[in-house]
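Understanding the architecture of this molecule
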Amino acid sequence: MIYDNVAKYAEAKGVSVRKLERMSGLGNGAIGKWKDGKHKPTLYTLTAVAKVLGVSVDDLIKEGGE
């Protein structure tokens, strides 16, 4: 769910998930690890991603992302 929301907001902003990782200061593949739900992002990581995307952390973690 979080990965889907992040990917949706990244696409709306016109950036790839990989570019978003770089812009957020994350390592390659960090966001992709959230896709299967086995890895969970930290609040710090979510805050960094949300800041780059111009959305709230709540937007990233809500069901449906809105």
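Predicted model, so just to flag it, every value in this text is computed and none were measured. (Residues numbered from 1 in each chain as written. Predicted model: local features only at pLDDT ≥ 70, side-chain atom pairs only at ≥ 80, totals over all residues. Heavy atoms only, no water.)

Section: the overall build of the protein
For the protein, the count of helices and strands is 4 helices and 0 strands. N-terminal to C-terminal, the α/β element order of the protein is α-α-α-α. Scaling as 2.2 N^0.38, a compact globule of 66 residues should have a C-alpha radius of gyration of about 11 Å, and the protein matches this with 10 Å. Referenced to the eigenvectors of the C-alpha coordinate spread, the extents of the protein come out at roughly 25 × 25 × 20 Å. Buried positions account for 39% of the 66 residues belonging to the protein. Roughly 4,200 Å² of accessible area belongs to the protein as shown, and the carbon and sulfur atoms make up 52% of that amount. For the protein, the distance from the average position of its 11 positive side-chain charges to the average position of its 8 negative side-chain charges is 8 Å. (Helix = DSSP H or I, 4+ residues; strand = E, 2+ residues; numbered from the N terminus. Rg over C-alpha atoms; globule rule 2.2 N^0.38 Å. Buried < 20%, exposed > 50% of the residue type's maximum accessible area, 1.4 Å probe, protein only. Areas by Shrake-Rupley, 256 points an atom, 1.4 Å probe, with all protein chains shown as cover. Lys, Arg positive; Asp, Glu negative; His and termini not counted. Charge placed at Lys NZ, Arg CZ, Asp CG, Glu CD.)

A short note on the confidence of the model for the protein
Mean pLDDT for the protein: 93, with 95% of residues reaching 70 or above. Looking at the elements of the protein, mean pLDDT is at its lowest for helix 4 (residues 57-61), recorded as 95, and at its highest for helix 3 (residues 43-53), recorded as 97. (pLDDT = per-residue confidence, 0-100.)

A word on the nonpolar core
Core analysis: the largest hydrophobic core is formed by 18 residues, its most contacted members being Val-6, Leu-20, Ile-31, Trp-34, Val-49, Leu-53 and Leu-60. Sorting the residues of this core by element identifies helix 1 (2-13), helix 2 (17-23) and helix 3 as the ones contributing at least two each. The contacts of Leu-20, once residues within four sequence positions are left out, are Val-6, Ala-10, Val-15, Ile-31, Val-49, Val-52 and Leu-53. (Core = buried A, V, L, I, M, F, W, Y, C linked by side-chain atoms within 4.5 Å. Contact = heavy atoms within 4.5 Å.)

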